[in-house]
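The lines below spell out each chain.
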Amino acid sequence: MVTIVDARSDHHGALEKACAVLRSGHPVAIPTETVYGLAGDIHAEHAIRRIFEIKGRPASNPLICHVSSIEMACEYVHFDDLALSLANAFWPGPLTLVLPRKMRGAALELASAGLSTLAVRIPQGFSRELIECFGRGLAAPSANISGRVSPTSAVHVQEGLGQRVGLIVDGGTCGIGVESTVVEISECVCALLRPGGLDVSMLERMIGRSIETRSDHTVLKSPGMMASHYAPRARVRLDALEVFPDEALLTFGACSVAGAEAAKSVQNLSVKGSLEEAAARLFDAMLVADRTGATTIAVVPIPLEGLGLAINDRLRRSAAPRIS
Ligand code: AMP
Ligand code: MG
């Protein structure tokens, strides 16, 4: 039986219950500002194994270690000057830093897929408070079956994971709605592994130069870099300028689309053309479109700037050929 506790009406109770589950070595689904996470004690081998099992996630895909302070992060990884200045500027927030791993141990080996690096981030809100309460880092990949659409509400988690998780903390809808931006920092050089909730141009402004994108497909640097990911049941058709009657349409801004009146459903990701709003609504809109029974979700072109980079990245992967 899955228990759902509402952190908005019972904040203290939600923290206590989530802490108790973590202490017993089990994962718990929690809200973060990006997407809902399936959180487990990064030092508990059983909890880390369960996260991989529940998600059906390949063991080669490393997890992000969520921490509540830079001091806590320093226990797990080595910071150089660039990493420290980015952490100071953007944490807590949707930026993940992949850094040389310092801490060892069976659970950490599993969580980092045996790599010499570990991804770390300080999240905002309930999840950060939970880590503070718990006192240790939490591995927390998105709380969905591997390869499927990420959850941005407690209902999405429940629908996606069902009875596989014992406790879901409901913190309402995630404010950002796409996963964190992931960068790897090595010898004071920053490379983008995954566009996400932090606008890359803000990072570039802070660093004072442009960031190289690493899309090395031979070494899986980042799970979010797998070709097929974020996949709904329906197929996804990008850059649609017209829509057919058996399709559901995702539109954006004032874009007009031929055939829209006959489509199974029409959802505008942001009527006012805000990429932030579109990012926050994207995964829910994909799930709603899926529920119409449409064979295909047609999506209009989304501007490739700001959070549009993350939106286009998720859409491209959701449209990629499926492995199964
Ligand atoms: P998710 O499952 O959506 O939470 O995504 C987890 C993210 O963790 C991936 O997309 C990667 O970007 C990231 N990650 C974790 N550890 C590493 C690592 N050592 N090297 C590169 N990326 C990592
Ligand atoms: Mg994920």
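Check the entry above for the structure.
Residues numbered from 1 in each chain as written. Chains lettered and ligands numbered in written order. Predicted model: local features only at pLDDT ≥ 70, side-chain atom pairs only at ≥ 80, totals over all residues. Heavy atoms only, no water.

Engineer: Before we go on, may I ask you to explain helix H8 (residues 200–207) in this structure?
Structural biologist: A turn of α-helix holds 3.6 residues, and therefore any two residues three or four places apart point the same way. Residues Val200, Leu203 and Ile207 constitute the buried set of H8. For H8, the buried positions fall inside an angular range of 60° around the axis, keeping them on one side. Packed against the buried residues of H8 are helix H4 (81–90), strand E5 (95–100), strand E9 (181–186), strand E10 (189–194) and helix H10 (308–319). Among the residues trailing H8, Gly208 stands out with phi positive, at a value near 90°. (Buried < 20%, exposed > 50% of the residue type's maximum accessible area, 1.4 Å probe, protein only. Helix = DSSP H or I, 4+ residues; strand = E, 2+ residues; numbered from the N terminus. Arc of directions from axis to C-beta. Contact = heavy atoms within 4.5 Å.)

Engineer: Would you mind showing me how to read the pattern of salt bridges here?
Structural biologist: Should the charged atoms of two oppositely charged side chains come close, the side chains can pair. Counted according to the given criterion, the structure contains 17 salt bridges. Linking Glu212 and Arg214 is a salt bridge whose minimum nitrogen-to-oxygen distance equals 3.9 Å. Given a relative accessible area of 41%, Glu212 falls into the partly exposed group. Judged by relative accessible area, Arg214 falls into the partly exposed class, the value being 25%. A salt bridge links Asp313 to Arg317, with the nearest nitrogen and oxygen atoms 2.8 Å apart. In this pair, Asp313 and Arg317 are both assigned in helix H10, four residues apart and thus about one turn of the helix distant. On the basis of relative accessible area, Asp313 is assigned to the buried category, the value being 2%. Ionic contacts of the salt-bridge type, sharing partners, join the residues Glu179, Asp313, Arg314, Arg316 and Arg317 into one network. (Salt bridge = Lys/Arg side-chain N within 4 Å of Asp/Glu carboxyl O.)

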